Amino acid sequence: MSTKILILFTHPRFEQSQNNALLLQRIKDIPEITINDLYEKYPDFDIDTEHEKSLLQDHNVIVWQHPFYWYSAPPLMKHWIELVLEFGWAYGPGGNALKGKLVFNCITTGMQKSAYTRGGQTMLTLRELLVPFERTALQCNMEYLPPFVVHGTHRISKDERWNIAGIYREILEKIINGDFTSNEIKKFTCLNDWFINIKPNYA
Amino acid sequence: MNFLSQALIYLAAAVICVPFSKRLGMGSVLGYLFAGMLIGPFVLGLIGEKGEDIMHFAEFGVFMMLFIIGLEIEPSQFWKMRKMIAGMGSVQMTGTASVIFFIMLFSGIVWQTALAVALAFAMSSTAMVLQTIKEKGLSQTSSGQAAFSVLLFQDIMIIPVLAFLPLLAFRSVSESYNINPSLIDGYPEWLQVLMFFAAVSIIFIAGKFLFVPLLRIVAKTRLRELFTASSLLLIVSVSLLMQVIGVSPALGAFLAGVVLANSEYRHELESDLEPFKGLLMGLFFIGVGASLNFTLILSKPTPIFLLVLAVMTVKFIILYANGKLFKLMPDQNILFAFALSQVGEFAFVVLAFANHLMIINRELTDIMMAVTAITMTLSPILLLINERIIDPRFGVKEQPENLEPDEIKEKNPVIIAGFGHFGSTIGRFLRANGVEATILDHNSDHVQLLRKMGFKVYYGDSTRVDLLKSAGAENASIIITSVDSPATNQKLISVIQKHFPHLHIMAKAKNRAEAYELIDMGLKNIYRENLHTAVKLGIDVLVKMGKRRYTAIRQGQKFLKYDEETIPQMAEYRHNQKLYILKTRETYKLEEELLSKDVDYYPAADDHSWDSTYIRESLNKE
């Protein structure tokens, strides 16, 4: 299948969002991208698992996009994971529906990159804090890529925000074009770093 | 002696003797029997030959009892216990009847008579035993269930037994001189059987196409006494039909009951006829007591008491063996065997009918009836002995087991009173989740329509205590009051609070005004009809106007919570200001108060959930 990206987006108060709003704004016109706004679709948390499963089947790259509230994702994301990733479908015996698909987190966080250190304030690195997502992906036979991160969201300037949204777009386009290898990407702790490595003038 | 003095004697006897017998723990049936014996020709001699006429009148009470039994048979309950009912029941009846039949034969009685007596004696007393079981709380024990199964089987067996008796008569040696010439006299037997089945079919067809529509028409008049009159008319006509054909009228009444068991009027019929049944049954037993031939008993005490002993022993042994066969524990088995060892009131019916058909002569009938009455008298004494002396010797007492899904189900735990739009939505939701509620509604058209759609709805005025009882209110745990009219709803609630205080009431309120009333009545679970729907619509409006859906929903939730809180507040305000006195002032003042509260309600102001703007501003201040 040609690359199609499914953005699973959860934001409980999107009307106040600036960073996530701009990220979505700058990618929504790309035809190969489907944006699945979970809090708008399922505000009662009554997820239509059959529909979600067929969406997953139609795409080969999945993005969990969310603000990194309290070192995790908003509840509806977890709810989605619990309900949609069914035993015997996503994992377990006969659970091959998601085999080989790529998945990564796209997160926005108020903390700076430097704050996420082992033994520091956050106790673990950002990559390590994302292990629950990584393990979820691996258990479903998916390939987990490093996250795309927007740091320092409370103090980020308009220009910085615009730039980083542009980087997000370019990364997604690169993925759509197949212009990468996962092993290359996995050498880096985040997608941003991988991208800057290829295109230094974006730094 | 004119009618009034007769009535005085009967009623006085009943009113004096029955409370006395109940006091002694012997049940009302014995009380009536004693009353009859007392006023009968052998003791006080207050009633004599005239007793015969009263008997016919009171026989009607037996018909009613059978009608109600037919009415109350629940096919699903029956099906679940089918093994026990068919198994234990058939063993008991065939066993008992056979042994007694042979005893009679050896005593030199002709086989037709012996058979009739054997069949009569095989019956136990449904009324007495069920009452005892209920009173002692034994319904869920294995002895209670065994007793119930056997009795139910007997109840059903009455049909074939009563139908069978006339066939005995035509082969009997005595002259076929009938007091009520029947239609089928003189026809060949096979034709008579055919006509019998034809009669039964007529009852079933008439039930569907005549009885129920008739009741529907009468129900529309909303005159309760008319409804009662129609039900009595029903029983009378069916009984008469059967009598004319030469079959037991009691059987006809039973069939009519079965036919109507599935109609929406079941509970209404039960509650309307209950008082009549009780009174007429009482009269019946008084009549039986009066017709007990003491002269005969006193002239032949030995054979009679020997017979009593023989019959009760035989029954006991067979019951005990039966229980053992079906694996009852010893202590339960003894209780079961003692409880059913008497000969029951159906024996009177069978014996009387057999006598009427000249299968049994007068003297033998009197003896057998005396035997029956004596066994009924002894039965509670036996149970008392069991309770005091025998039972305590058993170490392990059986606790009422947790029921398997296979066993009897108690009546539904949920009752819905009022099945309009609101009630029916609840009913559908509960049913979709496996909860089948008992439903009552007072609109006969409505009931008819709902039944067509597959709901089990019962017709009746749910504010009546007897109807609620009949619908199982004593055993239920929840009642949903969703009657349309607030006045009726509140009346219903006060009836429930008074008579069924254990019932958890979940009340619908049409609007705020009704909600305030219900709070004043002490209710906590009040559900206003329109609240959630109006807020839901409001949420959708916000979404259409561009708000994020999740935010709109949260706002809706907050508003619901706020609005619910205003209910007790406003109820108190209304009470304190005594606003309920003047209706016009009430509405205006309450509206005013509510709106002034709303002004201070601004949930968004303090809502900093996920408020990044707020965080940003605070951080950037530093």
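All chains use their own residue numbering, which begins from 1 and follows the written sequence. Here the convention is simple: chains get letters from A, ligands get numbers from 1, in the order in which they are written. It should be noted that, the model being predicted, local features are given only for residues of pLDDT at least 70 and side-chain atom pairs only at 80 or more, the latter also being counted only at that level, while totals for whole chains, interfaces and linings use all residues. As a rule here, side-chain values come from all non-hydrogen atoms in the structure, and water together with hydrogens is ignored.

### What to know about the overall build of chain A
Thought 1: When you go through chain A residue by residue, the secondary structure sums to nine helices and six strands.
Thought 2: Relative to its full complement of 203 residues, chain A shows a buried share of 52%.
Thought 3: Residues are treated as being in contact if the distance between any of their heavy atoms lies within 4.5 Å. Counted over contacts in chain A with a minimum sequence separation of 6, partners at least 24 positions apart contribute 74%.
Thought 4: To be clear on the numbers: accessible area is Shrake-Rupley with a 1.4 Å probe, and residue cover counts the displayed protein chains and nothing else. Here chain A has roughly 9400 Å² of accessible surface; of this, 51% comes from carbon and sulfur atoms. Put simply, DSSP H or I for four residues or longer makes a helix, DSSP E for two residues or longer makes a strand, and each gets a number counted from the N terminus. For the exposure calls, accessible area comes from a 1.4 Å probe over protein chains only, and a residue counts as buried if that area is under 20% of its type's maximum, exposed if over 50%, partly exposed in between.

### Points about helix α23 (residues 531-544) of chain B
Residue and element names in this part refer to chain B.
Thought 1: Here, expected helix span is obtained from the residue count minus one, scaled by 1.5 Å. Under the 1.5 Å per step criterion, the end-to-end length of α23 is 20 Å for 14 residues, consistent within 8% with the ideal 20 Å.
Thought 2: Among all positions of α23, only Leu531, Val535, Ile539 and Val543 are buried. Along the long axis of α23, the arc covered by the buried residues comes to 105°, so they all point the same way. Residues of α23 that are exposed and point more than 90 degrees away from the buried face comprise Thr533, Ala534, Leu537 and Lys544.
Thought 3: On its buried face, α23 is in contact with β6 (526-528) and α24 (549-576).
Thought 4: One or two steps after α23, the chain reaches Gly546, where phi turns positive at roughly 105°. To obtain the arc, one takes the directions from the helix axis to the C-beta atoms.

### With respect to the packing of helix α14 (residues 301-325) of chain B against helix α15 (residues 330-339) of chain B
Residues and elements named next belong to chain B.
Thought 1: Axes, fitted as lines to C-alpha atoms, cover a helix only where it is in contact. Angles between the N-to-C directions of the axes lie from 0 to 180 degrees. Look at α14 against α15: their axes get within 8 Å of each other, and the N-to-C directions meet at 145°. Considering the relative orientation of α14 and α15, their crossing is right-handed. Between α14 and α15, the contacting residues are Phe316, Leu319, Tyr320, Gly323 and Lys324 on the first element and Pro330, Asn333, Ile334, Phe336, Ala337 and Phe338 on the second.
Thought 2: For the contact of α14 with α15, the per-class residue count stands at eight nonpolar, two polar and one charged. Left-handed is the label given to a crossing in which the near helix is rotated counterclockwise from the far helix by less than a right angle, and right-handed is the label when the rotation is clockwise. Side-chain classes follow a simple rule in which Ala, Val, Leu, Ile, Met, Phe, Trp, Tyr, Cys and Pro form the nonpolar group, Asp, Glu, Lys and Arg form the charged group, and the remainder, Gly included, forms the polar group.

### Some thoughts on the packing of helix α8 (residues 142-169) of chain B against helix α11 (residues 249-260) of chain B
All names here are of chain B.
Thought 1: Axis separation between α8 and α11 bottoms out at 9 Å; the angle between their running directions is 140°. Relative to α11, the element α8 lies oblique. The handedness of the crossing between α8 and α11 is left-handed. Across the interface between the two elements, Asp155, Ile159, Leu162 and Ala163 of α8 pack against Ala250, Leu251 and Phe254 of α11.
Thought 2: Of the residues that constitute the contact of α8 with α11, the class distribution is six nonpolar, no polar and one charged. Each angle receives one of four descriptions, namely roughly parallel if under 35 degrees, roughly antiparallel if over 145, roughly perpendicular if within 65 to 115, and oblique otherwise.

### Looking at a nonpolar patch on the surface
Thought 1: On the surface, Leu38(B), Phe42(B), Val43(B), Leu44(B) and Leu46(B) cluster together to form a nonpolar patch covering roughly 410 Å² of accessible area.
Thought 2: As for its placement among the helices and strands, Val43(B) is situated in the loop between α2 (27-39) and α3 (51-72). Two joining distances apply to patches: 9 Å for like charges and 5 Å for nonpolar side chains (Val, Leu, Ile, Met, Phe, Trp, Tyr), and every residue must have over 30% relative accessible area and no salt bridge. Counted as salt bridges are all cases of a side-chain nitrogen of Lys or Arg within 4 Å of a carboxyl oxygen of Asp or Glu.

### Some details on the nonpolar core
Thought 1: Buried Ala, Val, Leu, Ile, Met, Phe, Trp, Tyr and Cys residues that are joined via side-chain atoms within 4.5 Å together make up what is termed a nonpolar core. Core analysis: the largest hydrophobic core is formed by 131 residues, its most contacted members being Phe67(B), Leu162(B), Leu165(B), Leu260(B), Phe285(B) and Ile359(B).
Thought 2: If sequence neighbours within four positions are ignored, Ile359(B) has contacts with Gln112(B), Thr113(B), Ala116(B), Leu165(B), Leu168(B), Ala169(B) and Ala354(B).
Thought 3: Core analysis: the second largest hydrophobic core is formed by 37 residues, Leu76(A), Met111(A), Leu130(A) and Tyr144(A) among them.

### A short note on helix α6 (residues 131-139) of chain A
All names here are of chain A.
Thought 1: Along α6, the residues that are buried comprise Phe133, Glu134 and Ala137. All buried residues of α6 lie within an arc of 100° about the axis, which places them on one face of the element.
Thought 2: Elements in contact with the buried residues of α6: β3 (61-67), α4 (75-84), β4 (102-108), α5 (126-129) and β5 (143-144).
Thought 3: Following α6 by one or two positions, Asn141 has its phi on the positive side, about 60°.

### Things to note about the environment of Phe204(B)
All names here are of chain B.
Thought 1: When you line up the elements, Phe204 lands in helix α9 (residues 189-221).
Thought 2: Among the residues examined, Phe204 registers a relative accessible area of 38% and is labelled partly exposed.
Thought 3: In this structure the C-alpha to C-alpha distance between Phe204 and Val259, which are 55 residues apart in sequence, comes to 6.0 Å.
Thought 4: Once you skip the residues sitting within four places of it in the chain, Phe204 turns out to touch Leu255 and Val259.

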